[in-house]
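The chain contents come next:
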Amino acid sequence: MHNPVTLRSPRIYGSVLALTLLAVAVGAWGSVSLGPWALGVLFVAVVLTGMPHGAIDHLVAARLWGLDPTWADQAKFYGGYLVLMALYGALWIVAPAWSLGLFLVMTMYHFGQADLAYWRLPPLSARLLYLSRGLFLLGLPIVAFPEVVAPIFEAMGGVQLLEWPGVTTAPGALFAGLVAQHLGALGIGRLGADPSVDWALGREATNVAVLAALFGLVHPLVAFAVFFGGWHALGHILELLRFFRRQGDAMSMAQFYREAFLFTAIPFVGLAGLYAATQSFGLEDQMVALLFILIAIMTLPHMVIVEKMYREREKGAPQAVS
Ligand SMILES: CC1=C(/C=C/C(C)=C/C=C/C(C)=C/C=C/C=C(C)/C=C/C=C(C)/C=C/C2=C(C)CCCC2(C)C)C(C)(C)CCC1
Ligand SMILES: [Fe+2]
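Residues numbered from 1 in each chain as written. Chains lettered and ligands numbered in written order. Predicted model: local features only at pLDDT ≥ 70, side-chain atom pairs only at ≥ 80, totals over all residues. Heavy atoms only, no water.

1. A few points about the nonpolar core
In terms of nonpolar packing, the biggest core is built from 84 residues, with Trp 92, Trp 119, Met 156 and Leu 214 touching the most fellow members. Of the residues forming this core, the biggest block, 15 residues, is contributed by helix 12 (residues 284-316). The residues touching Trp 92, leaving out its near neighbours within four places in the chain, are Ser 99, Leu 100, Phe 103, Met 156, Ile 293, Ala 296 and Ile 297. Counting residues in hydrophobic clusters, the runner-up holds 18 residues, among them Leu 64, Ile 237, Phe 243 and Met 309. (Core = buried A, V, L, I, M, F, W, Y, C linked by side-chain atoms within 4.5 Å. Buried < 20%, exposed > 50% of the residue type's maximum accessible area, 1.4 Å probe, protein only. Helix = DSSP H or I, 4+ residues; strand = E, 2+ residues; numbered from the N terminus. Contact = heavy atoms within 4.5 Å.)

2. With respect to the pattern of salt bridges
Under the counting rule described, the total for this entry stands at ten salt bridges. Taking the shortest distance from any N to any O, the salt bridge between Arg 133 and Glu 204 comes out at 2.8 Å. Placement of Arg 133 in helix 6 (residues 123-144) and of Glu 204 in helix 9 (residues 198-217) is noted, with a sequence separation of 71 residues between them. Grouping residues by exposure puts Arg 133 and Glu 204 together as buried. Connected via shared salt-bridge partners are Asp 115, Arg 133 and Glu 204. (Salt bridge = Lys/Arg side-chain N within 4 Å of Asp/Glu carboxyl O.)

3. A closer look at the UniProt feature "transmembrane region" (unreviewed entry) in the protein
The residues that UniProt annotates with the feature "transmembrane region" (unreviewed entry) are residues 12-31, 37-56, 77-110, 130-153, 165-188, 208-235, 256-275 and 287-306. Annotation note: span residues 130-153, helix share 96%, strand share 0%, distance between end C-alpha atoms 23 Å. In residues 165-188, helix accounts for 75% and strand for 0%; the two terminal C-alpha atoms are 28 Å from one another. (UniProt positions renumbered as here; feature names shortened; annotations may be inferred.)

4. A closer look at the site of ligand 1
As a matter of local geometry, ligand 1 sits amid 30 residues, with Gly 50, Phe 103, Phe 224, Ile 295 and Thr 299 nearest to it. Elements with a minimum of two residues in the shell around ligand 1: helix 3 (57-64), helix 4 (71-94), helix 5 (96-116), helix 6, helix 7 (146-157), helix 10 (220-246), helix 11 (253-278) and helix 12. The element best represented in the shell around ligand 1 is helix 12, accounting for five residues. In terms of residue class, the shell around ligand 1 is built from 22 nonpolar, seven polar and one charged. (Near = heavy atom within 4 Å. Nonpolar A, V, L, I, M, F, W, Y, C, P; charged D, E, K, R; others polar.)

Structure representation (structure tokens):
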């Protein structure tokens, strides 16, 4: 009954690893010279898989909460989704630094969950492991390229990254520490996991090595684009296809993109409006900052729906590791 294809299926996993290693090879050869390409690569990743991965949240929510196509149920969903976005949007205006902090922590959890939910650890250990993965994923590009990330954080939240302890004085030690904490967390997580995650430990050791090379050597926006588009978003889209199949309502990839089209397009219209309102066309750091703020605002309701999806799955099959 299950659609077997996930990010961990050999063909998909092999292609994603190859794409990542290609980025590492190009990046190692001249990471900062990738700069002029960075915005374009980021944009392509967001268009191809990044935005679509959240754009059928309404269909997922309808299944998870049993919503009908009635006005009342639709109002519940869109009202909830848009109110969460509006509240967080307002928070960016009144407290941008806190909003950025919240975004980083939410992202750590959300990215870690997508990567490691398949270990099926007990709830508390699972969540600590997700945060550890996220800290590794977001911390590395920050400490490897603080001079590229600093103007973006400044534009997003008025945060002075270069004044954070150790960022300019001991970046190598911070980088090593971020990798070590995650290797430690994976090792400890393994103790509490089903014995069948043995091979998963090897897979995750490979992932840590490949991702550390990606974030350590490649321009941070390009590295992020590769991770977000090729690992997080693609992986989630495959999970969604499995989810609908489990619901007895199989969806093909083409159908997914048809369903996702409208809500993929709408945020870009909003983004163009934001650029026009703030007159940031052509101002690269500001454009990147606005793109990320838009993503941040959509992350909150998206995360709530994804969390519920994983919880339902935990109830359904507590042990299986695949
Ligand atoms: C359904 C719906 C819709 C749609 C939705 C969507 C479309 C969603 C999406 C979602 C999404 C799409 C999500 C995402 C997420 C993402 C994330 C979460 C990210 C993060 C990131 C970060 C955090 C970064 C950082 C950094 C920087 C900034 C710089 C450089 C370095 C680094 C990388 C560190 C609408 C609203 C229309 C309507 C209603 C309903
Ligand atoms: Fe996501």
